Structure formats: C-alpha cells, structure tokens
Amino acid sequence: MKLENHLPTRQLQALDSAHHIHPFTDRGALNAKGARMITRAEGVYLYDSEGEKMLDGMAGLWCVNLGYSRPELVEAASRQMSQLAYYNTFFQTSHPPAAILAARLAELAPGDLNHVFFSGSGSETNDTNIRMVRHYWASLGKPEKTVIIARKNAYHGSTVAAASLGGMAFMHAQGGLPIADITHIDQPYWYGEAGDLSPDEFGLQRARALEAEIDRIGEDKVAAFIAEPVQGAGGVIIPPDSYWPEIQRICDEREILLIADEVITGFGRTGNWFGSQTFDIRPDIMTVAKGITSGYLPLGASLISDKVAGVLQEKGGEFAHGYTYSAHPVAAAVAIENLRILDEEKVVETVRNKTAPYLEQQWMKLAEHSLVGEARICGMMAAIELSPQKAERSAFAGDAGVAGLITRDICFANGLVMRSVGDAMVISPPLVITNSEIDELISLAIKSLDMAEKALSEQGLMKAAK
Ligand SMILES: *Cc1c(COP(=O)(O)O)cnc(C)c1O
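Rules of the game
Residue positions are given per chain, counting from 1 as you read along its sequence in written order. The model is predicted, so local features are restricted to residues of pLDDT at least 70 and side-chain atom pairs to those at 80 or more, both for listing and for counting; the totals for chains, interfaces and linings are taken over all residues. Only hydrogens and water are removed before side-chain values are computed, so all heavy atoms of the structure are retained for them. One heavy atom within 4 Å of a molecule or strand makes the whole residue count as near it. Within 3.5 Å is the distance limit for a polar contact, defined as a pair of N or O atoms, with the added protein rule that one can donate a hydrogen and the other accept it, and that residues adjacent in sequence qualify only through two side-chain atoms. Under the convention adopted here, Pro, Cys and the residues Ala, Val, Leu, Ile, Met, Phe, Trp and Tyr are nonpolar, Asp, Glu, Lys and Arg are charged, and Gly plus all remaining residues are polar. Stacked, edge-to-face and tilted are the three classes for Phe, Tyr and Trp ring pairs, Trp counted by its six-membered ring, which pair at centre distances within 6.5 Å; planes under 30 degrees apart are stacked, over 60 edge-to-face, the rest tilted. Summary of the burial criterion: residues with accessible area below 20% of their type's maximum are buried, those above 50% are exposed, and those between are partly exposed, where the area comes from a 1.4 Å probe applied to protein chains only. In this scheme, the term charge over a ring applies when either NZ of a lysine or CZ of an arginine sits within 6 Å of the ring centre and within 35 degrees of the ring normal. Secondary structure follows DSSP: runs of H or I at least 4 residues long count as helices, runs of E at least 2 residues long count as strands, and numbering of each begins at the N terminus. Take the number of residues in a helix, subtract one, and multiply by 1.5 Å to get its expected span. When we speak of the arc, we mean the arc of directions from the helix axis to the C-beta atoms. In what follows, residue pairs with any heavy atoms lying within 4.5 Å of each other are defined as contacts. Definition of nonpolar core: a set of buried residues of the types Ala, Val, Leu, Ile, Met, Phe, Trp, Tyr and Cys, connected through side-chain atoms within 4.5 Å.

**A few points about the site of the ligand**
Thinking step 1. Around the ligand, the neighbouring residues are Ser121, Gly122, Ser123, Tyr155, His156, Gly157, Glu228, Asp261, Val263, Ile264 and Lys290.
Thinking step 2. Note that an oxygen atom of the ligand is positioned 2.9 Å from one of the backbone N or O atoms of Gly122.
Thinking step 3. Asp261 places a side-chain nitrogen or oxygen 2.8 Å from a nitrogen atom of the ligand.
Thinking step 4. When the residues that make up the shell around the ligand are grouped by side-chain class, the tally is three nonpolar, five polar and three charged.

So this is what it looks like as structure tokens:
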C-alpha cells in the first residue's frame, strides 16, 4: 500500500474503522459514518480525499502556527535527517540543534527562564514539571512539599499525570484519576459561572481561591500552582483583567512555584511571544509544545528559571528523568527554523498589530447573532457561546454539548473547521491567516450559525434550561 495515489475514500475509511482507534472519539459513532480523510494542506486550507477544501480555523490542534506546507520547515527536517537523524542527550552528549534551540528559547522567553528540558509533547512536559518541582523542594530539604494545585476544566495533556493536572471531569472518570497530591480550584469562567458578579469581582474571587486552597492544604505541603494563561481546550476561557495580577501576588507572597502552561499561548497566539507577557505573569517554569514546531514534528519543552535550575544544579544531583526523544535533533532543527521564520517575517507583530485586531473587530460582531450569547477573543484564539435565549445567556435545556456538535458538523460541511467545546464554538487559526481569509472565516461562521439555528429549531432544541 502506498500513500501516493491512495485508495478510494470508502476503502480507506474501512481500513481506518477496522484498525485505527482514534483519540477522544466514540469509535462506534465514528465508524457509523467513517472518518474524513485529510490528504493534503496548504497555508490555512485543508483538502480531503474527495477534493473538498476547508479553512482550518483550528490550526490543526492549536499548533500549525505558520500554516501548512512551508518548504523551509520541510527542508530543515530533511537536512537534519541526512546529517544526524537521531542521537540521545543522556550520555553526556549533545548536538547542535539541542544547544542552539535551548539558547534561542532562553533568549525569547520572558524573565530569567534561561534553561530548557526537552520532551516530545505537552503532556510529557507537564509530567516532567511535576517531577521537577517535587525534586526541587526535596533538594531544598522540603520533601513534604508535593501538592500541585491546578484548576477545574484545565487541560494539561492526556498522560496519567498530565490528565490528573487537568481538571476535566470526564477524563478523570476513566482510569482512576487524578493521582494523589493534585487538587483543583475553580476556574475564572465569567460567562458560565459568575452569577451577578462583575468580571473584576469574579476574577478576584476566583484568584483568591488559590490563597484559600494553599491555606487549606498547608503552605508547607504545596509545591506549585499550574495554569494556562488562557484556557484553550476548556473553551478559550479568557480570565477577567483582575485575575492574573492577584494570582501573581499570591504566588509572590507564598512559598510555591508558578507553572504557566503555554502549550497553546506560546509563540505568538495571544499577540506576544508568550501569554505570560500578555498577562504580565512571571512563571518559574513554562510548558511549551504545539506551536514550537508549528506542529510539523512533535516536541515539547519546560523553560526553567535561573532560581529553579540553580537549586537543581547545586543541590539536586542527577535528575533521574528523561525521554529517548528529549531534544530530538530533527524536531529541534524544525523548531529553530520555525522560530527563525516567526521572527524574520514578523509574524507575532503582524498578529498583534494587524490581523488579530481585524479578527477581533469581525469576531465580536458574531455576538449580534441570535444564537450567540457572548463572543470573546484574545489575540488569535476566540470563542462564541451558543445560547437558545441570548438575552438571559441561558444554557440549552437538552444535554450540554449537543447544540455545539450540531453546529460543528454544519461548519465542517460548509468548509470551516471550528471546534465545539460543550456549547461554545472555538477557533485558533494559523497565525499567518490574512485579513481576506479572516473575512472568509467569518462569512462561513455566519452561514453556519444561521443553518445551525434553523436545524436546532427544527429539532426542538432551542429551549432554555430551567
Ligand atoms: C495540547 C495541550 C497539552 C498537551 O499537549 P500534547 O502535545 O497533546 O501532549 C498540554 N497543555 C495544554 C495547555 C494544551 O493545550
């Protein structure tokens, strides 16, 4: 079987149904209709095996920041594969891509995040972070500081440890999660959970939940707090302005480390190189992955402060942890090239000054649609909340997420990849999207919302809860 001149779609789907178990997918439901076969992509567009074109409003899974088919990234991979396809970094050895990428990340990262531990994904990186912060406190003679505070509805990955850090109840329900010594506080989700509080009141209240949780557990037992600057998979939840300054104050006053999970918000997504700059966060450790290679190859990294790295070096001895593919040379070479292009083509500046402001102007108009209860946006990540009764911002009476899935399927059929998270619709397009492609995205979104509203009415689903 060859990948070129592939089999007819039906046969591919049959092979896929018979043998391929998909992530986060109900296999029975998928196999009843067959997976859409994506065969190629260019810029912001995907093409399937039937030749249908789709605008990828999700940049793959929040990662294809430079868009598809950049020849420079392909060539960087090919060159590095010919020269040194693989070598490890365990045996007191390194290689040029590892050293150069680590130095470049240290240069780009804010503050004194000058040290890098490499992994193969965001999940692995957060596993590393758990072990590293516990080892850090143990090295300082405080081995009882083990608890990591995270947030409900956070997403930090899908390994046993990363899914435990995450606060997704439906994930915890399978496989006996979370593991010990991880706790979750409430999220700063103003639209869904604030009641009558103003955004600023609510942001302060949710930030102070961290202080209360530290006191409940005992500061002498808490190792770290982890959070995404903007929750991505949880539904592009942008915290009120009051939230991060208060979190930062608490982290400064208490003896705990702050981990910013920037797997989505890193490398330009919020209009700055890192979400920590957008929200003025000073993390001790930052998680990055996804956009570090624009998704062309798997790579993750913990960016670590002078303080943490210093203690580990002076007192930690051997850190008994690492991955076969830590600092994989081909992935690192692609990352170096990806960062070069982001920098030299001024992609982040263009997002900040031109395309994200334009997207914001157009996206916020969706709030006027009769099916939309709220529109929100931060840089190149955005959400709309679907509501059957927008004036009251009501939820749907039926099962949560049904309206979202119906709308998502209509978007797909109309040639727009927009993802549903419950009954919110989210986008995170490639950072290289142009203003005219934004116009196309918005008009496809409006067309899809019109069709979704009609479909929901016909199915009797436009009823408000309670
Ligand atoms: C996707 C994601 C992860 C997990 O990354 P993987 O590469 O899928 O393991 C972790 N944190 C955040 C914020 C993410 O969005």
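**A closer look at the packing of aromatic side chains**
Thinking step 1. Under the criterion given, the structure shown has seven aromatic pairs.
Thinking step 2. When the centroid spacing of 4.8 Å and the interplanar angle of 75° are considered together, the rings of Tyr136 and Trp137 count as edge-to-face. Here Tyr136 matches Trp137 in class, with each residue buried.
Thinking step 3. Each residue in the set Phe24, Tyr155 and Phe170 is aromatic and connected to the rest through ring pairs, giving one cluster.
Thinking step 4. One residue, Lys145, lies across the ring of Trp137, its end atom 4.6 Å from the ring centre.

**Overview of helix H5 (residues 96-108)**
Thinking step 1. Across its 13 residues, H5 extends 18 Å between first and last C-alpha, which sits within 8% of the 18 Å expected from 1.5 Å per residue.
Thinking step 2. Turning to H5, its buried residues number three or more, namely Pro97, Ala98, Leu101, Leu105, Ala106 and Leu108. Down the axis of H5, the buried set is contained in an arc of 165°. They therefore lie on one face. Structural note: H5 exposes Pro96 and Glu107 on the side pointing more than 90 degrees away from its buried face.
Thinking step 3. Against helix H4 (71-83), strand E4 (113-119), helix H12 (275-278), strand E10 (300-305) and helix H14 (329-344) lie the buried residues of H5.

**What to know about the side chain of Asn126**
Thinking step 1. Mapping Asn126 onto the fold places it in helix H6 (residues 122-139).
Thinking step 2. A relative accessible area of 0% places Asn126 in the buried class.
Thinking step 3. Looking at Asn126, its side chain comes within polar contact range of the main-chain oxygen of His156, at 2.9 Å.
Thinking step 4. Setting aside residues no more than four positions away along its own chain, Asn126 makes contact with His156, Ala162, Leu165, Ile226, Asp261 and Thr287.

**Details of the nonpolar core**
Soluble globular proteins tend to bury their nonpolar side chains together.
Thinking step 1. By size, the foremost hydrophobic cluster in this structure holds 68 residues, and its most contacted members are Phe267, Trp363, Ile384 and Met418.
Thinking step 2. Counting residues per element, this core draws most heavily on helix H17 (residues 435-458), which supplies nine residues.
Thinking step 3. Residues within four places of Met418 in sequence aside, it is in contact with Trp363, Ile384, Arg408, Cys411, Phe412, Met425, Val426, Ile427 and Ala445.
Thinking step 4. Membership of the second largest hydrophobic core comes to 37 residues, among which are Ile214, Val222, Ile281 and Val421.

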